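# Breakdown of the fold
Residue-level listing of the chains:
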Amino acid sequence: IAKELLNGQHVVLVRSEDVVISGSLYRNKLKYATFKKKTMNSNPRHTGAIKHPRAPAKILWRTIRGMIPHKTARGGAALDRLKTFEGIPHPYDQKKRMVVPSCLSVLRLRPERRRCRLGDLSTEYGWKHGSLIERLEKQRKVKCEVYYKKKTAAKRAKADALKKVKLSADDSAILTKAGYA
């Protein structure tokens, strides 16, 4: 993803709560606890100096930021091309989505290795919107299923109508000349 951003692609990551992290939940909780302990060196009581995100989308965004030279103009522009979301919000639920095959946990992690979801880690550290996202995703899936059934019925009706149509030789010649055959 970082390489694509640096190459100039716009990337939108959806359902970041379902991202799989290698390592058990306990181990990742320990790693995140050490990250949370980090404070500003000159005055450790300044809590606003280092942000410790709890939302899965923000954690994923910051992880990708670590893979990009974000302090340069090129890296900053690359980060501006990245968007991360929990669930699939409105404009992106109607767009074609793709999975990056090289990032699948089935291909990256051996079967006996432990893994955990980013949403579970976030919930452990104070992210409170997991149930809301779950409910919204169920609603979205119902809407998508209705849309898909409607789309397949229309496609089937069009195929049936095309089978019933009888074209004369003149009409088919005109259509082939126009490029519709």
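Residues numbered from 1 in each chain as written. Predicted model: local features only at pLDDT ≥ 70, side-chain atom pairs only at ≥ 80, totals over all residues. Heavy atoms only, no water.

## Focus on helix α4 (residues 73–80)
Restricting attention to buried positions, one finds in α4 the residues Gly75, Ala78 and Leu79. Down the axis, α4 shows its buried residues gathered within 100 degrees of arc, on one side only. The outward face of α4, more than 90 degrees from its buried face, is lined by the exposed residues Ala73, Arg74 and Asp80. On its buried face, α4 is in contact with α1 (2–6), α3 (56–65) and β3 (82–84). (Buried < 20%, exposed > 50% of the residue type's maximum accessible area, 1.4 Å probe, protein only. Helix = DSSP H or I, 4+ residues; strand = E, 2+ residues; numbered from the N terminus. Arc of directions from axis to C-beta. Contact = heavy atoms within 4.5 Å.)

## Details of the pattern of salt bridges
This model, assessed by the stated rule, comprises 7 salt bridges. For the salt bridge of arginine 117 with aspartate 120, the shortest nitrogen-to-oxygen distance reads 2.9 Å. Residues glutamate 137 and arginine 140 are paired through a salt bridge, measuring 3.0 Å at the closest nitrogen-oxygen approach. Separated by 3 residues within a single helix, glutamate 137 and arginine 140 lie in helix α8 (residues 130–164), roughly one turn from each other. The class of glutamate 137 is buried, set by a relative accessible area of 9%. (Salt bridge = Lys/Arg side-chain N within 4 Å of Asp/Glu carboxyl O.)

## Focus on the nonpolar core
Grouped burial of nonpolar side chains is what soluble globular proteins tend to show. If you look at the biggest cluster of nonpolar residues, it comprises 19 residues, and the most contacted ones within it are Leu5, Ile64, Ile68 and Leu82. Setting aside residues up to four positions removed in sequence, isoleucine 68 forms contacts with Ala2, Leu5, Leu6, Gly75, Ala78 and Leu79. (Core = buried A, V, L, I, M, F, W, Y, C linked by side-chain atoms within 4.5 Å.)

## Looking at the packing of aromatic side chains
Counted according to the given criterion, the structure contains 3 aromatic pairs. Measuring from centroid to centroid gives 5.6 Å for tyrosine 32 and phenylalanine 35, while their planes differ by 55 degrees, and the two rings are tilted. With tyrosine 32 and phenylalanine 35 both in helix α2 (residues 25–37) and 3 residues apart, this pair spans about one turn of that helix. Comparing tyrosine 32 with phenylalanine 35, the two get one shared label, buried. Their ring planes at 55 degrees and their centres at 5.0 Å tell us that tyrosine 32 and tyrosine 125 sit as a pair that is tilted. Here the residue tyrosine 32 occupies a position in helix α2, and tyrosine 125 occupies one in the loop between α7 (118–124) and α8, the gap between them amounting to 93 residues. (Phe/Tyr/Trp six-rings, centres within 6.5 Å; stacked < 30°, edge-to-face > 60°.)

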